[in-house]
Amino acid sequence: GAVVSQHPSWVICKSGTSVKIECRSLDFQATTMFWYRQFPKQSLMLMATSNEGSKATYEQGVEKDKFLINHASLTLSTLTVTSAHPEDSSFYICSGKQETQYFGPGTRLLVL
Amino acid sequence: GESVGLHLPTLSVQEGDNSIINCAYSNSASDYFIWYKQESGKGPQFIIDIRSNMDKRQGQRVTVLLNKTVKHLSLQIAATQPGDSAVYFCAENIQNSGYALNFGKGTSLLVTP
């Protein structure tokens, strides 16, 4: 299957700071990427759909000004959590679409 | 709203036995279904998928069955191995809604020796 990477794999930051997470499709071009959030022992919840060269589409309840998404190339989408707070601590997972959706390894964010 | 759900949150099987994980969906417009395996601290790993014009699809040691009449999906794992221990999610894609997936709650599969 297709390979998706994420960086960093984990990050700890202070409350109020911003954190950028990168999602890359390594062996395919992804015009569409997705960002999910997963809390412990829960399922994946879609946050937004990232489209190359256009604005992201956010799910209901997800603040677009807090979770900034940029999809500047066919292999890279970034998610920036702005002014992070402890309740933003979660496991963030991206996916790229090629026939089906392939997921990255996830980024664990801990906001102190 | 409509969602994908699982019948059993946990499943314990002995090594070598067959495992069956079930999933119910409620949206009749769903036309594509995927099973993912997620190990602790990792991203979901694609296992097998099936489209709504099929009722069965087989992979290596895995079989997915789709019953559109009762909106039910199952994943069968043959000769379950310790490495199969993980959380399994079913996910659905709704026709003409783009390619975003709606995930079920997940079933934790524990394989005992």
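Above this note sits the structure.
So, here's what we can say about the structure. Everything quoted here is computed from the prediction, not taken from an experiment. (Residues numbered from 1 in each chain as written. Chains lettered and ligands numbered in written order. Predicted model: local features only at pLDDT ≥ 70, side-chain atom pairs only at ≥ 80, totals over all residues. Heavy atoms only, no water.)

**Focus: the overall build of chain B**
Thought 1: Per the secondary structure count, chain B includes zero helices and 11 strands.
Thought 2: A compact globule built from 113 residues should have a C-alpha radius of gyration of about 13 Å, and chain B, at 13 Å, falls within 12% of that.
Thought 3: Viewed in the frame of its principal axes, chain B has a C-alpha envelope of about 45 × 30 × 20 Å.
Thought 4: In chain B, which comprises 113 residues, the share counted as buried stands at 43%.
Thought 5: Counting contacts in chain B only where the partners sit at least 6 residues apart, residues at least 24 apart contribute 54% of the total. (Helix = DSSP H or I, 4+ residues; strand = E, 2+ residues; numbered from the N terminus. Rg over C-alpha atoms; globule rule 2.2 N^0.38 Å. Buried < 20%, exposed > 50% of the residue type's maximum accessible area, 1.4 Å probe, protein only. Contact = heavy atoms within 4.5 Å.)

**Regarding the sheet that holds strand 3 (residues 19-25) of chain A**
All names here are of chain A.
Thought 1: Judged by pairing direction, the sheet is antiparallel, and its four strands sit side by side in the order 1-3-8-7 without closing on themselves. Strand pairing shows two members of the sheet lacking a second neighbour, strand 1 (4-7) and strand 7 (67-73), which therefore form its edges. This sheet shows a mean twist of 15° between the axes of neighbouring strands, independent of strand direction.
Thought 2: Sheet topology note: the strand 3/strand 8 (residues 76-81) ladder contains six bridges and is antiparallel. Its bridge partner being in strand 8, Lys20 is matched across the sheet by Thr80. (Pairing = 2+ DSSP bridges. Axes fitted to C-alpha atoms, helices over the stretch in contact; angles between N-to-C directions.)

**Concerning the pattern of salt bridges**
All names here are of chain A.
Thought 1: For the structure on display, the rule yields five salt bridges over all chains.
Thought 2: A salt bridge links Asp88 to Lys66; the shortest N-O distance between them is 2.9 Å. Highlighted residues: Asp88 in the loop between strand 8 and strand 9 (90-98) and Lys66 in the loop between strand 6 (57-58) and strand 7, separated in sequence by 22 residues.
Thought 3: Under the relative-accessibility criterion, Asp88 is labelled buried at 5%. (Salt bridge = Lys/Arg side-chain N within 4 Å of Asp/Glu carboxyl O.)

**Observations regarding the packing of aromatic side chains**
Thought 1: Applying the stated criterion across every chain yields a total of 10 aromatic pairs over all chains.
Thought 2: Pairwise contacts between aromatic rings join Tyr36, Tyr102 and Phe103 of chain A together with Tyr36, Phe46, Phe89 and Phe103 of chain B into one cluster.
Thought 3: Across the ring face of Phe67 of chain A, the terminal group of Lys66 of chain A is positioned such that the distance to the ring centre comes to 6.0 Å.
Thought 4: Directly above the aromatic system of Tyr32 of chain B lies the positively charged group of Arg51 of chain B, at a separation of 4.2 Å from the ring centroid. (Phe/Tyr/Trp six-rings, centres within 6.5 Å; stacked < 30°, edge-to-face > 60°. Lys NZ or Arg CZ within 6 Å of the ring centre and 35° of its normal.)

**With respect to a nonpolar patch on the surface**
Residues and elements named next belong to chain A.
Thought 1: Taken together, the side chains of Trp10, Ile12, Leu110 and Leu112 present a nonpolar region at the surface, about 460 Å² in accessible area.
Thought 2: The topology assignment puts Trp10 in strand 2 (residues 10-13).
Thought 3: Among the residues examined, Trp10 registers a relative accessible area of 58% and is labelled exposed. (Patch = residues over 30% accessible without salt bridge, like charges linked within 9 Å, V, L, I, M, F, W, Y side chains within 5 Å. Areas by Shrake-Rupley, 256 points an atom, 1.4 Å probe, with all protein chains shown as cover.)

**As for the interface of chain A and chain B**
Thought 1: The interface is formed by 19 residues belonging to chain A together with 18 residues belonging to chain B.
Thought 2: For the chain A and chain B pair, buried surface summed over both sides reaches about 1,300 Å², with 60% attributable to carbon and sulfur atoms.
Thought 3: Interface area lost by chain A to chain B is led by Ser43, Thr100 and Phe103 of chain A, which between them contribute 30%.
Thought 4: Where chain A meets chain B, there are zero salt bridges.
Thought 5: On the surface where chain A and chain B come into contact, there are six residue pairs in polar contact (both at pLDDT 80 or more).
Thought 6: At the level of secondary structure, the elements contributing two or more residues to the side of chain A that touches chain B comprise strand 4 (32-38), strand 5 (44-51), strand 9 and strand 10 (100-103) of chain A.
Thought 7: In terms of residue count, the dominant contributor to the side of chain A that touches chain B is strand 10 of chain A (four residues).
Thought 8: Residues that form the side of chain A that touches chain B fall into these classes: nine nonpolar, seven polar and three charged. (Buried area = accessible area lost by both parts, 1.4 Å probe. Polar contact = N/O pair within 3.5 Å; in protein donor to acceptor, adjacent residues only side chain to side chain. Nonpolar A, V, L, I, M, F, W, Y, C, P; charged D, E, K, R; others polar.)

**With respect to the pairing of strand 11 (residues 107-111) of chain A**
All names here are of chain A.
Thought 1: Here strand 11 shows a clear split, with Thr107, Leu109 and Val111 buried on one side and none of Arg108 and Leu110 buried on the other.
Thought 2: By the bridge criterion, four bridges tie strand 2 to strand 11 in an arrangement that is parallel. Among the inter-strand pairings, Cys13 is bridged to a residue of strand 11, identified as Val111.

**Re the pairing of strand 2 (residues 10-14) of chain B**
All names here are of chain B.
Thought 1: Burial along strand 2 is one-sided: Leu11 and Val13 are buried, while Thr10, Ser12 and Gln14, pointing the other way, are not.
Thought 2: One ladder, built from five bridges, connects strand 2 with strand 11 (residues 107-112); its direction is parallel. Note that in strand 11 the partner of Val13 across the bridge is Val111.

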